[in-house]
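Below, each chain spelled out in residue letters.
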Amino acid sequence: MIAERIVSKIARIALRVFLIGNFACALGFAAAIILSVFFAGALEARLIAKYGPCIDVAQVLLAARLLFGLGIVAAVALHRVLATLLVILGTVTTGDPFTFANAGRLRAIGWALLALQLFDLALGGFTAWFGALHVEFVRWGPSLGGWIAVLMAFVLANVFGRGAAMRDDLAMTV
Amino acid sequence: MPVQVRLDALLHDRRMTLTELAQAVDISVVNLSILKTGKARAIRFSTLEAICRVLDCQPGDLLVTTGEEDL
């Protein structure tokens, strides 16, 4: 019981830290889009200096802004996952996690994780796009673990829903 | 064909209150009230047996099916 409480407390702190980090990332992406507009000239000069005059600067800037925009969308999805997990954790602490509300929350997490996976696929597209533009970019590979996490969230949502229904039945058994 | 609980009628026939029955069968008044008002989803054999023993009746006297279709 004490160990459970410690794990719960650590998880809550970690989730809060991730939430703050995620919010900072979203702000960073938004700032990057705004700055790329205000300092477009300097950015273009820097890109030409690094990759040579043949580079399609307009396309690179467009790709970068789209990437940052998608990053904000991904941060919103991740916020949904983390904030919902925090609420679920709260219900565990109060001792009543097997509820229809938590089943719904897990389903919401599943959808948010699916959105993140789609973002990951889009990231693959960006990798190819930046590659075609001959611009350095991160290496990308499909995330199998992420797809499994999506499935797990939906399966767990069903398990929680069934558990809540069984508990309701038991509560109304005389 | 929904199952109807006739606990109210049986208690009336025996001139017994729900509280007295609760004390006799060692089940809370709240739970018996759930059963009496038809809100219960299930009844344990042990509960059925205890109620039938105290009220001196058969399970069929307590639970009856009504003609209405369960929608």
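Rules behind the numbers
- Residues numbered from 1 in each chain as written.
- Chains lettered and ligands numbered in written order.
- Predicted model: local features only at pLDDT ≥ 70, side-chain atom pairs only at ≥ 80, totals over all residues.
- Heavy atoms only, no water.
- Helix = DSSP H or I, 4+ residues; strand = E, 2+ residues; numbered from the N terminus.
- Rg over C-alpha atoms; globule rule 2.2 N^0.38 Å.
- Salt bridge = Lys/Arg side-chain N within 4 Å of Asp/Glu carboxyl O.
- Buried < 20%, exposed > 50% of the residue type's maximum accessible area, 1.4 Å probe, protein only.
- pLDDT = per-residue confidence, 0-100.
- Core = buried A, V, L, I, M, F, W, Y, C linked by side-chain atoms within 4.5 Å.
- Contact = heavy atoms within 4.5 Å.
- Buried area = accessible area lost by both parts, 1.4 Å probe.
- Polar contact = N/O pair within 3.5 Å; in protein donor to acceptor, adjacent residues only side chain to side chain.

Peer 1: What is the right way to look at the overall build of chain B in this model?
Peer 2: The secondary structure content of chain B amounts to five helices and two strands. Helices (α) and strands (β) of chain B occur, in sequence order from the N terminus, as β-α-α-α-α-α-β. By the compact-globule yardstick of 11 Å for 71 residues, chain B fits well, its C-alpha radius of gyration being 12 Å. Its C-alpha atoms give chain B principal-axis dimensions of roughly 35 × 20 × 20 Å.

Peer 1: How should I be thinking about the pattern of salt bridges in this particular structure?
Peer 2: Opposite charge on two side chains lets them pair, provided their charged atoms get close. All names here are of chain A. Across all of its chains, the model carries four salt bridges over all chains by this definition. Close ionic contact of Glu 136 with Lys 50 constitutes a salt bridge, the shortest N to O distance being 3.7 Å. Taken as a pair, Glu 136 in the loop between helix H4 (100–132) and helix H5 (144–171) and Lys 50 in helix H2 (residues 40–51) lie far apart in primary sequence, 86 residues in all. For Glu 136, a relative accessible area of 59% corresponds to the exposed category.

Peer 1: Explain the confidence of the model for chain A here, please?
Peer 2: Interpretation of the predicted coordinates at a detailed level should be avoided for regions scoring low in pLDDT. For chain A, the average pLDDT comes to 92, and 100% of its residues sit at 70 or higher. Within chain A, no element has a lower average pLDDT than H2 of chain A, which sits at 88, and none a higher one than H4 of chain A, at 94.

Peer 1: Is there a simple way to explain the nonpolar core in this structure?
Peer 2: Across soluble globular proteins, nonpolar side chains show a tendency to be buried alongside one another. If you look at the biggest cluster of nonpolar residues, it comprises 20 residues, and the most contacted ones within it are Leu 7, Leu 32, Ile 51 and Leu 55 of chain B. Mapped onto this core, the elements with two or more residues apiece are helix H1 (7–13), helix H2 (18–25), helix H3 (29–36) and helix H4 (45–55) of chain B. Core analysis: the second largest hydrophobic core is formed by 14 residues, Ile 88, Ala 103, Ile 109 and Ala 112 of chain A among them.

Peer 1: Can you help me understand the interface of chain A and chain B in this one?
Peer 2: Where interface size is quoted, it is often the accessible area lost as the parts come together. On the chain B side, the residues contacting the six residues of chain A number eleven residues. Between chain A and chain B, the buried area comes to about 790 Å², and carbon and sulfur atoms account for 57% of it. At the boundary of chain A and chain B, one finds one salt bridge. Across the pair Asp 169 of chain A and Arg 41 of chain B runs a salt bridge, and its minimum N-O distance is 2.9 Å. At the junction of chain A with chain B, the criterion picks out five residue pairs in polar contact (both at pLDDT 80 or more).

Peer 1: Honestly, unusual backbone geometry in this entry has me stumped. Any pointers?
Peer 2: Across residues other than glycine, the phi torsion is negative in most instances, and most of the peptide bonds are trans. All names here are of chain B. One non-glycine residue, Arg 15, adopts positive backbone phi at about 55 degrees. Structurally, Arg 15 can be placed in the loop between H1 and H2. Note on Arg 15: relative accessible area 68%, which makes it exposed. Of note, the phi angle at Asp 26 is positive, near 60 degrees, even though the residue is not glycine. Judged by relative accessible area, which is 71%, Asp 26 ranks as exposed.

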